[in-house]
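# Examining the three-dimensional arrangement
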Amino acid sequence: MEFDKILETIHMISDQNLDVRTVTMGISLMDCIDSDSDVACQKIYDKITTKAKDLVKTAEQIEMEYGIPIVNKRVAVTPISLVAGASQDKDYVKYAKTLGRAAQTLGIDFIGGFSALVQKGMTKGDQILIASLPEALAQTNLVCASVNVGSSKSGINMDAVKQMGEVITTAAKLDYMTNAKLVVFCNAVEDNPFMAGGFHGVSEPDVVINVGVSGPGVVKAALEHVKGQPLDQVAETIKQTAFKVTRMGQLVGSVAAKRLNVPFGIVDLSLAPTPAVGDSVAQILEEIGLAQVGTHGTTAALAMLNDAVKKGGIMACSHVGGLSGAFIPVSEDAGMIAAVEAGTLSLDKLEAMTAVCSVGLDMIALPGDIPATTVSAMIADEAAIGMINNKTTAVRVIPVPGKKVGDQVEFGGLLGHAPIMPYNQTSSAAMITRGGLIPAPIHSFKN
């Protein structure tokens, strides 16, 4: 590598918050299924702690050797509803505690996969898992959960959408922070290394290493050199920068997989912000030319950013996957927080932005008295955007009991803080209580 390229990479890491956001080991639990839940949980614990026993140590060695920060070490497992469904248990809290105990033993940051895939209907196991979510998440610290309620191929399961609104508001009453570990998806992907929505899909290998990289600060710094240039030049600059970031992720993933003697899966090149100064997706959009994110033109700027990131990543690595694009979690992005506080960025604008970004309504704090049916309606809107546009969308909203619009809530760490946002208080209850299935769109018929 040329000397100036080495210096450029060092500068990205030291001054522009470039990091590998996560090295995530995916582990299949299909061979842990047992009708006796005690036996199944022991198999789950043993397999996770055996397969991932060297994950943290290996990631730390790579950090030391290559000087590349690896912020999180995580595990994602087969959706638990598929594994626990063979048992006669009436709730799956025991399974969540098993995952949490394995995560603590390994010393990882999070474990994902307390999940159910219900886009077309629910099995007994799915129903039990969803009903278990509030208690399971309240009783564990490191377990993350997700439920996929829709897809472009099958439509939207509105019975599940209704139930997830109830789950979120119930969980908020137990401990509102549990909802930071719960994502409701449409078109969930099977190789997502990011939490809280990561799980290990049934079409994945027995064990695999997936990597999530991040570099909003690097992209913003690159754009500072093309001030006033046409937007096609801006897009080209983003693409070239994403290429460099992805190559770093591929290096880390390949080395980690080789040392752990498991297959290398994918690099997810999502721009994932943090509350740190200079590590903001919103500030990239403002560098493009918006006075503040949320104003007119925001959706167009975000669409260009997301597309250019994907193009650069695909050129850099043959194994790009996960979500890959730009995340817009409000509480985790200093620029987003500032825009909400200034009144520039609303829920309606965020919803429009989700039509072109990688996920959806993410880490949004809401008043604690929001009706469950309104939360369900937000989920339905996001699922519709994902279904029609054949893309992944998600909802991770956090009702905070006792808080009203304009109050602040502190989440801590990488989750940051957020102002309580207003929502449209006109009821959607009559629609949500209908239940049923919103049929798949006409373009789903591709066979």
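Cut-off values and rules
- Note that residues are indexed from 1 along each chain, following the sequence as it is written.
- Given that the model is predicted, a residue must reach a pLDDT of at least 70 before its local features are reported, and side-chain atom pairs must reach 80 or more before they are shown or counted; all residues, however, enter totals for whole chains, interfaces and linings.
- Note that the side-chain values use all heavy atoms of the structure and ignore hydrogens as well as water.
- For every residue, the accessible area (1.4 Å probe, protein chains only) is compared with the maximum for its type, and the residue is labelled buried under 20%, exposed over 50%, or partly exposed between those bounds.
- Strands are runs of DSSP state E lasting at least 2 residues, helices are runs of H or I lasting at least 4, and numbering of each runs from the N terminus.
- Two strands pair if DSSP finds at least two bridges between them.
- What pLDDT expresses is the predictor's confidence in each residue, scored from 0 to 100.
- For this analysis, residues touch if any pair of their heavy atoms sits within 4.5 Å.
- Each Phe, Tyr or Trp ring, with Trp reduced to its six-membered ring, pairs with another whose centre is within 6.5 Å; inter-plane angles below 30 degrees give stacked pairs, above 60 give edge-to-face pairs, and intermediate values give tilted ones.

## So, the pairing of strand E7 (residues 207-214)
- Of all eight residues making up E7, eight are buried, and the element is well covered by its neighbours.
- Judged by which residues are buried, E7 turns out to be covered on both faces: Val207, Ile209, Val211 and Val213 on one side and Val208, Asn210, Gly212 and Ser214 on the other are all buried.
- Where strand E1 (residues 19-27) lies against E7, eight bridges are found, and the strand directions are antiparallel. In the sheet register, aspartate 19 faces E7, and the bridge partner there is serine 214.
- Note: E7 against strand E8 (residues 264-268), three bridges, orientation parallel. In the sheet register, isoleucine 209 faces E8, and the bridge partner there is phenylalanine 264.

## Points about the confidence of the model for the protein
- Put simply, the protein has an average pLDDT of 89, and 95% of its residues get 70 or more.
- Contacts from residues 1-7, a stretch scored under 50 in pLDDT, to residues over four places away or in other chains number one contact.

## Some thoughts on the packing of aromatic side chains
- Enumeration over the complete set of coordinates arrives at two aromatic pairs.
- The interplanar angle of 75 degrees and the centroid separation of 5.6 Å between the aromatic rings of tyrosine 92 and tyrosine 95 together place this pair among those described as edge-to-face. Pair check on accessibility: tyrosine 92 and tyrosine 95 agree, each one buried.
- Between the aromatic rings of phenylalanine 194 and phenylalanine 327, the centroid separation amounts to 5.1 Å while the plane-to-plane angle is 75 degrees, which identifies the pairing as edge-to-face. Here phenylalanine 194 is found in the loop between strand E6 (182-186) and E7, whereas its partner phenylalanine 327 is found in the loop between helix H11 (298-316) and helix H12 (334-342), with 133 residues between them in sequence. Phenylalanine 327 shares its class with phenylalanine 194; the two are buried.

## Overview of the environment of threonine 426
- As for its placement among the helices and strands, threonine 426 is situated in the loop between strand E12 (417-419) and helix H15 (429-432).
- With relative accessibility at 60%, the residue threonine 426 sits in the exposed group.
- Through-space distance from the C-alpha of threonine 426 to that of glutamate 190 is 36 Å; in sequence the pair is 236 residues apart.

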